[in-house]
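# Structural description and commentary
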Amino acid sequence: MIRMDNQCVFKTFERFARVVQIEERPHIPKALASSPFDGEGVATRDRKLVLDGVAQGYVLDSYSARKLGLRTTGNADGVHNLFVGSTAAAPSRAELLRTMDTGLLVTELMGQGVNPVTGDYSRGASGFWVEKGELAYPVHEITIAGNLRDMFQSIVAIGGDVDGRGALHTGSVLIGDLTIAGE
């Protein structure tokens, strides 16, 4: 971080693939994560966090904001109704598989394997191997690995198969490249 004229300029990762849009909408009536105020009593508001792949803001409580010389964003207790989508029309899961052609459809992740300092990512996984856009056979006891910065930048598409029951609303995410290990 570089401080210039009482403003902070961050020299950090601030870019996703251009297709990525992330929006927080805390005031949706009867939605699970709706809230007029955060855990510190700060008013929440609709915000675009990522627009066309470029970060537009941060998620900060009062303490973090003070430490960074910024203002709280009304997120002391986390995000409220986060929508992750795409600039393009949301494809179905079948369309995502056809676009992938050959690769891995991950249906379950195991363990915790993210280094918050370097962004290195490694998790146990299971799912289905995909060939020619079709499910070929199940796989289990494998490891997927990569770096979060590279993964975020290589997002190809975000599907329309959104489960709206929680605080995070996103479809399946097609990522360009990851390392897969296992038998």
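Shown above is the structure to which this text applies.
Report on the accompanying structure. None of these values were measured; they are calculated from a predicted model. (Residues numbered from 1 in each chain as written. Predicted model: local features only at pLDDT ≥ 70, side-chain atom pairs only at ≥ 80, totals over all residues. Heavy atoms only, no water.)

### Quick look at the side chain of S126
- Structurally, the position occupied by S126 is in strand β8 (residues 120–131).
- Its relative accessible area of 10% is what places S126 among the buried residues.
- When near neighbours in sequence (up to four residues on either side) are disregarded, S126 contacts L105, V106, T107, E108, M110, V139 and H140. (Helix = DSSP H or I, 4+ residues; strand = E, 2+ residues; numbered from the N terminus. Buried < 20%, exposed > 50% of the residue type's maximum accessible area, 1.4 Å probe, protein only. Contact = heavy atoms within 4.5 Å.)

### Some points on the sheet that holds strand β3 (residues 20–24)
- A sheet is described by the order of its strands in space; here five strands give the open sequence β5-β4-β3-β6-β11, paired in mixed fashion. Strands with a single pairing partner mark the edges of an open sheet, and in this sheet they are β5 (54–55) and β11 (168–170). (Pairing = 2+ DSSP bridges.)

### Regarding the packing of aromatic side chains
- Going through the model one piece at a time under the given rule, you end up with one aromatic pair.
- Between F16 and F152, the ring centres sit 5.0 Å apart and the planes meet at 40°, which makes this aromatic pair tilted. Remark: F152 occurs in helix α3 (residues 148–153) and F16 occurs in the loop between β2 (7–9) and β3; sequence separation between them is 136 residues.
- F16 gets classed as buried once you look at its relative accessible area, which sits at 15%.
- Taking the ring centre of F83 as reference, the NZ or CZ of R25 above it sits at 4.8 Å. (Phe/Tyr/Trp six-rings, centres within 6.5 Å; stacked < 30°, edge-to-face > 60°. Lys NZ or Arg CZ within 6 Å of the ring centre and 35° of its normal.)

### Some points on the sheet that holds strand β7 (residues 103–110)
- Taken together, four strands build an open sheet; the order of strands is β7-β8-β9-β13 and the sheet is antiparallel. The strands lining the two open edges of the sheet, one partner per strand, are β7 and β13 (179–181). Each strand of the sheet is rotated relative to its neighbour by a mean of 45°, with strand direction disregarded.
- Note: strand β9 (residues 134–147) against β13, three bridges, orientation antiparallel. Across the sheet, A145 pairs through a bridge with T179, a residue of β13.
- Sitting on the sheet, helix α2 (residues 93–100) is in contact with β7, β8 and β9, with an inclination near 120° to β7. (Axes fitted to C-alpha atoms, helices over the stretch in contact; angles between N-to-C directions.)

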